[in-house]
Amino acid sequence: MVVVTSEPFEGDAMVTDSTKLRRRQKLQSSAVLLRRHTCAEVALCLCVGCARRRGQLIVSRSGHQRECKANFPATIHRGLNVEAVDGSLQGIDEKYVARCLLVKPSQVVTWSVRRALAAGENFASCILRVRAQLAGRPRPTSFIVKRLPEEVEGSDGSGGMRQIVQEVGMWQREVDAYCTVIPAIEKLVGCKLTPALLPGPDPSDICLEDLRESGFNPADRRRMLDFEHSVVALEALAKFHAGSVAARQIHKKGKSVEEELFFKESRRKAAEDFMRAPFLYLAQDLLNSSCHRPELQKYIGPLRHLGDKIFDMLIQVSKPLGPFNVLNHGDFWTNNILFRHDTVTGEVLEAKIIDFQNCRYTTPALDLQYFLMSSVNEHVRETLSNELVDCYLQALNKQLLALGLPTLQKDVLERDMAATECYSLYCATAVLATVINDPGDFYCGATVPSNMDSLNPFVKCMRASSYRRMVPRLLEWFDRRGVFDNNYWPPVFNTANDGILA
């Protein structure tokens, strides 16, 4: 962790100028070491950043944690070029911290900045946690800074994930959501569903309340969610969906974040091969293992067919369906849901939602399909999926009634769920594989290849034993739903009055 202070700690007053100079030179050398040494060496270099106490955990750029026991000075002074330690920290100083926390810069005694998530836990942004001690406050406070991914040029000359996020419009989508749509939704439903937006000084950053300070934490994505956590998550989603209907009809809010970003004709050249690749890999993997699982060979042909058609199918099902549509979250999975539990009983009490880069206006079935396939554990998904959909529908209609809006009929939602099974299958390939694997198995800082060679991060995740174990039951799941039938194609519904409730 890099620690920066705006003034020396107690005990530094009697240090001579020459001692300060030697200390500063040592710290600057540490920043240079960070750029060329191993994680273990980096951890030792960063020991100088331990704030006031020894034994603090140091997090290196790879996300590895090490305990610092070295007897080094407790402060990194302004003399250290923090940007040399980590480029993502650029521009964060006492004025930045003060603006976010609505205090004067002179009140910021110390502050620290560290990456809030390890590589592989977040793909389309850089998440930082800023922790500050303010004058006159008994305890430090923290907040989150969300930034564009680091600008790393790929081997193909592309700008990597940062370029994708900007070109597709994901970043502006989230800015618009937090600034205009979410406040309207939360006012209508009468509760907070997301972290509060802070007045950050840099318009290219998104500064947010740190929900961890209120007892909210993410669940273990690899273990996935049990029934109780799934119900609480879907109740929060239902409120968000219902509020979006009211915001759109009553206040005309939300249209700036409704357009589909990925599944549209203008993205075909960039995305079609990328979306086809997991299907082709899965078919090839079944062919290679034919002697071990001959009963699965019947899925090879359908998988290849679906891989060739999946992009066109997703274009169709991502459009508003039928008479009822909502503002979808678009990426509603475990890491984007934070839970608060009872400190005594451990009971899950409530959930809040983060990360609104992929919002779209369409049937709520897409968010439900994504959640059920990416976040719910196997037992719950195979035995209690219908019950979860019923819980969502009950919470949705309760909120719609409170808002004075017509409710969603069960048969309409069931029809939309059936019509979007191809989207669920897409989620079951690359999306699910990345969710359940180790953070290091998926990292696309430089580029995201679409070919199916060994460098493809999605293929690496699909080759992992944790995913391969799930494949047979997943294929049987979709077979029962008719997705592998000959000439399968999702049905088309009329969208009278453009999907707005009557």
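It should be emphasised that the depicted structure is a prediction, and the values quoted were computed from it without experimental measurement.

## Quick look at the overall build of the chain
Phase 1 of the analysis: The helix and strand tally for the chain stands at 16 helices and twelve strands.
Phase 2 of the analysis: When the 502 residues of the chain are sorted by exposure, 54% land in the buried category.

## What to know about the sheet that holds strand E11 (residues 348-353)
Phase 1 of the analysis: In space, the three strands of this open sheet follow the order E8-E10-E11, with antiparallel pairing throughout. Edge positions in the sheet fall to strand E8 (216-218) and E11, since each has one partner strand and no second. Direction aside, the axes of adjacent strands within the sheet are offset by 40 degrees on average.
Phase 2 of the analysis: Relative to strand E10 (residues 337-341), E8 runs antiparallel, the two sharing three bridges. If you follow asparagine 217 over to E10, its bridge partner there is phenylalanine 339.
Phase 3 of the analysis: Running at roughly 45 degrees to E11, helix H7 (residues 227-250) makes contact with E10 and E11 of the sheet.

## Overview of helix H13 (residues 421-435)
Phase 1 of the analysis: Taking 1.5 Å of rise per residue, the 15 residues of H13 would be expected to cover 21 Å, and the 19 Å separating its terminal C-alpha atoms lies within 8% of that figure.
Phase 2 of the analysis: Of all the bends in H13, the greatest, near 40 degrees, is centred on alanine 428.
Phase 3 of the analysis: Summarising burial for H13: 15 of the 15 residues are buried, a large majority.

## Comments concerning the packing of aromatic side chains
Phase 1 of the analysis: This model, assessed by the stated rule, comprises seven aromatic pairs.
Phase 2 of the analysis: Geometrically, the ring pair formed by phenylalanine 240 and phenylalanine 356 is tilted, given 5.5 Å between the ring centres and 45 degrees between the ring planes. Within this pair, whereas phenylalanine 240 is found in helix H7, its partner phenylalanine 356 is found in the loop between E11 and strand E12 (360-362), the two being separated by 116 residues in sequence.
Phase 3 of the analysis: On the basis of relative accessibility, which here comes to 1%, the residue phenylalanine 356 falls in the buried class.
Phase 4 of the analysis: The rings of Phe263, Tyr370, Tyr423 and Tyr426 are connected pair by pair, giving a single aromatic cluster.
Phase 5 of the analysis: The side chain of arginine 481 reaches across the aromatic face of tryptophan 477, ending 3.4 Å from its centre.

## Digging into the pattern of salt bridges
Phase 1 of the analysis: Following the criterion strictly, the structure yields 23 salt bridges and no others.
Phase 2 of the analysis: Close ionic contact of glutamate 260 with arginine 360 constitutes a salt bridge, the shortest N to O distance being 2.5 Å. Of the two residues, glutamate 260 sits in the loop between H7 and helix H8 (268-288) while arginine 360 sits in strand E12, which places them 100 residues apart along the sequence. Accessibility assignment for this pair places glutamate 260 and arginine 360 in one class, buried.

## Examining empty space enclosed by the protein
Phase 1 of the analysis: A full pass over the atoms with the stated rule returns five cavities of 30 Å³ or more.
Phase 2 of the analysis: Quantified by volume, the largest cavity comes out at close to 60 Å³.
Phase 3 of the analysis: Listed by contribution, the elements that provide at least two residues to the lining of the largest cavity are H13 and helix H16 (471-480).
Phase 4 of the analysis: Ranked by residues supplied to the lining of the largest cavity, first place goes to H16 with four residues.
Phase 5 of the analysis: Considering only residue class, the lining of the largest cavity consists of nine nonpolar, one polar and no charged.

## Considering the nonpolar core
Phase 1 of the analysis: The biggest cluster of nonpolar side chains holds 65 residues, and the ones touching the most others in it are Phe371 and Leu396.
Phase 2 of the analysis: Among the elements that line this core, the one with the most residues is H7, at twelve residues.
Phase 3 of the analysis: The next biggest cluster of nonpolar side chains, apart from the first, holds 48 residues, and it includes Tyr281, Val317, Ala428 and Phe478.

## Things to note about the packing of helix H10 (residues 365-374) against helix H11 (residues 378-402)
Phase 1 of the analysis: H11 packs onto H10 with a crossing angle of 145 degrees between their chain directions and a minimal axis gap of 11 Å. The chirality of how H10 crosses H11 is right-handed. Facing Leu368, Leu372 and Met373 of H10, the residues of H11 in contact are Arg381, Ser385, Leu388, Val389 and Tyr392.
Phase 2 of the analysis: The class makeup of the residues in the contact of H10 with H11 is six nonpolar, one polar and one charged.

## As for the confidence of the model for the chain
Phase 1 of the analysis: For the chain, per-residue confidence averages 79 on the pLDDT scale, and residues scoring 70 or more make up 74% of the total.
Phase 2 of the analysis: Predicted confidence is poor over residues 496-502, with pLDDT under 50, and the contacts of this stretch with residues over four places away or in other chains come to 18 contacts.

## So, the packing of H10 against H13
Phase 1 of the analysis: Two elements in contact, H10 and H13, have axes separated by 8 Å at closest approach and are oriented at 40 degrees. Of the possible angle classes, the one that applies to H10 and H13 is oblique. When the axes of H10 and H13 are compared, the crossing they make is right-handed. Residues Leu366, Gln369, Tyr370, Met373 and Ser374 of H10 form the contact with H13, whose own contacting residues are Glu421, Tyr423, Ser424, Cys427, Ala428, Val431, Leu432 and Val435.

## Things to note about the side chain of asparagine 325
Phase 1 of the analysis: Tracing the backbone shows asparagine 325 in the loop between helix H9 (300-317) and strand E9 (326-328).
Phase 2 of the analysis: Reaching out from asparagine 325, the side chain makes a polar contact with the backbone nitrogen of leucine 321 at a distance of 2.9 Å.
Phase 3 of the analysis: Among the polar contacts listed, one links the side chain of asparagine 325 to the backbone nitrogen of threonine 363, at a separation of 2.9 Å.

## Describing the pairing of strand E6 (residues 141-147)
Phase 1 of the analysis: Burial within E6 is extensive, with seven of its seven residues counted as buried.
Phase 2 of the analysis: In the sheet, strand E5 (residues 126-134) pairs with E6 via seven bridges, with the strands oriented antiparallel. For cysteine 126, the partnering residue across the bridge sits in E6 and is arginine 147.
Phase 3 of the analysis: Between E5 and E6, which pair antiparallel one after the other, the connecting turn spans six residues, and glycine 136 there sits at a positive phi close to 85 degrees.
Phase 4 of the analysis: Bridging between E6 and strand E7 (residues 206-209) involves four bridges; their strand directions are antiparallel. The residue bridging isoleucine 144 from the neighbouring strand is leucine 208, located in E7.

## Some points on the environment of valine 231
Phase 1 of the analysis: Checked against the element boundaries, valine 231 lands in helix H7.
Phase 2 of the analysis: C-alpha separation for the pair valine 231 and aspartate 390, spaced 159 residues apart in sequence, amounts to 9.8 Å.

## Quick word on unusual backbone geometry
Phase 1 of the analysis: Even without being glycine, methionine 224 reaches a positive phi, approximately 70 degrees.
Phase 2 of the analysis: Position of methionine 224 among the secondary structure elements: in the loop between E8 and H7.
Phase 3 of the analysis: Taking relative accessible area as the criterion, methionine 224 reaches 11% and is therefore assigned buried.
Phase 4 of the analysis: Backbone geometry places asparagine 487, a non-glycine residue, at a positive phi of 60 degrees.

The rules behind each value
Residues numbered from 1 in each chain as written. Predicted model: local features only at pLDDT ≥ 70, side-chain atom pairs only at ≥ 80, totals over all residues. Heavy atoms only, no water. Helix = DSSP H or I, 4+ residues; strand = E, 2+ residues; numbered from the N terminus. Buried < 20%, exposed > 50% of the residue type's maximum accessible area, 1.4 Å probe, protein only. Pairing = 2+ DSSP bridges. Axes fitted to C-alpha atoms, helices over the stretch in contact; angles between N-to-C directions. Contact = heavy atoms within 4.5 Å. Expected span 1.5 Å × (residues − 1). Bend = angle between axes of the 7 residues up to and from the residue. Phe/Tyr/Trp six-rings, centres within 6.5 Å; stacked < 30°, edge-to-face > 60°. Lys NZ or Arg CZ within 6 Å of the ring centre and 35° of its normal. Salt bridge = Lys/Arg side-chain N within 4 Å of Asp/Glu carboxyl O. 1 Å grid on protein atoms, 1.4 Å probe; cavity = no way out; pocket = protein on both sides within 12 Å on 5 of 7 lines; lining within 4 Å. Points joined across faces, edges and corners; volume = space filled by probe spheres on them. Nonpolar A, V, L, I, M, F, W, Y, C, P; charged D, E, K, R; others polar. Core = buried A, V, L, I, M, F, W, Y, C linked by side-chain atoms within 4.5 Å. Left-handed = near helix turned anticlockwise from the far one by under 90°. pLDDT = per-residue confidence, 0-100. Parallel < 35°, antiparallel > 145°, perpendicular 65-115°, else oblique. Polar contact = N/O pair within 3.5 Å; in protein donor to acceptor, adjacent residues only side chain to side chain.

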